Amino acid sequence: MAETGAHRPVTVEAELDEPLSRWLWLVKWILLIPHFVVLFFLWIVFFVVTVIAFFAILFTARYPRPLFDFNVGVLRWSWRVGFYSTAAFATDRYPPFSLGREPDYPARLDVGYPERLSRGLVLVKWWLLAIPHYIVVGFFVGGGGAGGGTEEQWFWSAGLITVLAFIAIIAKAFTRTYPEGLFDLITGLNRWVLRVAAYAALMTDAYPPFRLDKGGSERGPAPERSP
């Protein structure tokens, strides 16, 4: 099922927050340690919830709403933390410790709740159908820093999104301006990643488009929002 303007199951919104500190980004990883600890456990639960949802969809064609809302919350939390740090460096507003919607925060995510999901697709979409996207997203997000310490190895393992975010914030540090074109590109790349994450987590049957929707705002009707 293709995503259309009339039915956009995953909506990712972002606003470049000005003014930005020229040097706060140097210590954001320290400030975010509490978030990293909480998200570590939240993503473990996210995986367990997805497994439970797999069987629920297989037998009932429905994603239990409380489990769905929890997983949407984890995606929201992760997007806010990423937007504050190495996925964008586009705000200095500290992310809230929240699974819910935070309409005043400059990074927002919603996933429309599906009333029914395909029992057949649930068997293949998270691995077989998503393989092409996994290859693309792997380039966007990188593979961690496990392999050596040369600059070339860091550049590859960091992923395109992180590299571009560092370029943008360094430009901000020295020119006082966060390049608008880079912000639009970085947001589009993150949007692609989050769409694939929702699809792989069985939250929609709409196949993520191979399309880079740049910019902070998505056009078209928003999906039914989770709490």
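Small disclaimer: the values here were computed from a predicted structure and weren't measured.

Undergrad: Sorry, what's going on with the packing of aromatic side chains here?
TA: Any aromatic ring pair is given by two values, namely how distant the centres are and how the planes are angled relative to each other. Per the stated rule, a full pass over the model turns up 21 aromatic pairs. Ring geometry for Phe-40 against Phe-41: centres 5.2 Å apart, planes inclined by 85°, an arrangement best described as edge-to-face. Among the residues examined, Phe-40 registers a relative accessible area of 52% and is labelled exposed. For the pair Phe-83 and Phe-183, a centre-to-centre distance of 6.2 Å together with 75° between the ring planes defines the contact as edge-to-face. You can see Phe-83 sitting in helix H3 (residues 65-84) and its partner Phe-183 sitting in helix H8 (residues 180-200), a full 100 residues away along the chain. Looking at Phe-83, the relative accessible area reads 0%, which means it is buried. Classification of Phe-183 by relative accessible area gives buried; the value is 6%. Put simply, the rings of Phe-139, Phe-140, Trp-192, Tyr-199, Tyr-207 and Phe-210 touch in pairs and so form one group of aromatic residues. The ring of Tyr-113 has Arg-65 lying over it, and the distance from NZ or CZ to the ring centre is 4.4 Å.

Undergrad: So what exactly am I meant to see when it comes to the environment of Arg-76 here?
TA: Its location among the elements puts Arg-76 in helix H3. A relative accessible area of 2% places Arg-76 in the buried class. Taking C-alpha positions, Arg-76 is 8.9 Å from Glu-102, a pair spaced 26 residues apart along the chain. Looking at Arg-76, its side chain comes within polar contact range of the main-chain oxygen of Leu-99, at 3.4 Å.

Undergrad: Looking at this model, I keep getting lost on the nonpolar core. Mind explaining?
TA: Across soluble globular proteins, nonpolar side chains show a tendency to be buried alongside one another. Judged by nonpolar contacts, the single largest core of 56 residues is most densely connected at Tyr-63, Trp-79, Phe-83, Leu-109, Tyr-178 and Met-203. Of all elements in the fold, only strand E1 (10-14), helix H2 (33-60), H3, strand E2 (107-111), helix H5 (131-141), helix H7 (160-175) and H8 reach the threshold of two or more residues within this core. In terms of residues, this core owes the most to one element, H3, which gives ten residues. In contact with Met-203, other than residues within four places in its own chain, are Tyr-63, Phe-68, Asn-71, Val-72, Leu-75, Val-111, Gly-112, Pro-114 and Ala-198.

Undergrad: Explanation requested: the layout of surface pockets in the structure shown.
TA: In this approach the atoms are scanned with a rolling probe the size of a water molecule, which exposes any empty space left behind. Size it by volume and the largest pocket reaches roughly 510 Å³. Residue lining of the largest pocket: 18 residues in total, with Ser-78, Gly-82, Ala-87, Val-141 and Asn-190 positioned closest to the centre. With five residues, the top contributor of residues to the lining of the largest pocket is H3. Its residues assigned to classes, the lining of the largest pocket comprises twelve nonpolar, six polar and no charged. As a volume, the second largest pocket reaches approximately 380 Å³. The wall of the second largest pocket is formed by 15 residues, among which Thr-50, Trp-126, Tyr-134, Ala-200 and Ala-201 lie closest to the centre. Sort the elements by how many residues they give to the lining of the second largest pocket and H2 lands first, with six residues.

Undergrad: How should the pairing of E1 be read in this particular structure?
TA: Burial within E1 is extensive, with five of its five residues counted as buried. Burial along E1 is two-sided: the residues Val-10, Val-12 and Ala-14 and Thr-11 and Glu-13 are all buried. Summarising the sheet, E1 and E2 pair through five bridges and their orientation is antiparallel. Bridging across to E2, Glu-13 finds its partner in Arg-108.

Undergrad: Looking at this structure, I do not really get H3. What am I missing?
TA: Each turn of an α-helix holds 3.6 residues, which means side chains three or four residues apart point in the same direction. Taking 1.5 Å of rise per residue, 20 residues should cover 28 Å, and H3 covers 29 Å from first to last C-alpha, within 8% of that figure. When you tally the buried positions in H3, you get 16 out of 20 residues, the bulk of the element.

Rules behind the numbers
- The residue numbers shown here count from 1 along each chain, following its written sequence.
- Thresholds applied to this predicted model are a pLDDT of at least 70 for local features of residues and 80 or more for the giving and counting of side-chain atom pairs; totals over whole chains, interfaces and linings are not thresholded and use all residues.
- To obtain the side-chain values, all non-hydrogen atoms of the structure were used and water was disregarded.
- Aromatic pairing here means that ring centres of Phe, Tyr or Trp (its six-membered ring) are within 6.5 Å. Orientation follows from the plane angle: under 30 degrees is stacked, over 60 is edge-to-face, and everything else is tilted.
- Between buried and exposed lies partly exposed: a residue is buried under 20% and exposed over 50% of the maximum accessible area for its type, with that area taken using a 1.4 Å probe on protein chains only.
- Under the DSSP-based scheme used, a helix requires at least four consecutive residues in state H or I and a strand at least two consecutive residues in state E, with every element numbered from the N terminus.
- For a Lys NZ or an Arg CZ to count as sitting over a ring, it must be within 6 Å of the ring centre and within 35 degrees of the ring normal.
- Under the rule applied, a polar contact is a pair of N or O atoms within 3.5 Å (in protein, one hydrogen donor and one hydrogen acceptor; residues adjacent in sequence only if both atoms are side-chain atoms).
- By convention a nonpolar core is built from buried Ala, Val, Leu, Ile, Met, Phe, Trp, Tyr and Cys residues, the set being connected through side-chain atoms within 4.5 Å.
- Contacts are residue-level and defined by heavy atoms, with any inter-residue pair within 4.5 Å sufficient.
- The rule is simple: put a 1 Å grid over the protein atoms alone, call a set of points where a 1.4 Å probe fits but cannot get out a cavity, call an open set with protein on both sides within 12 Å along at least five of seven lines a pocket, and count a residue as lining if it has an atom within 4 Å of a point.
- Grid points are joined across faces, edges and corners, and a volume is the space filled by probe spheres set on the points.
- Nonpolar residues are Ala, Val, Leu, Ile, Met, Phe, Trp, Tyr, Cys and Pro. Charged residues are Asp, Glu, Lys and Arg, and all others, Gly as well, are polar.
- Being paired, for any two strands, means DSSP has found at least two bridges between them.
- Expected span of a helix, by definition, is 1.5 Å for each gap between consecutive residues, and there is one gap fewer than residues.

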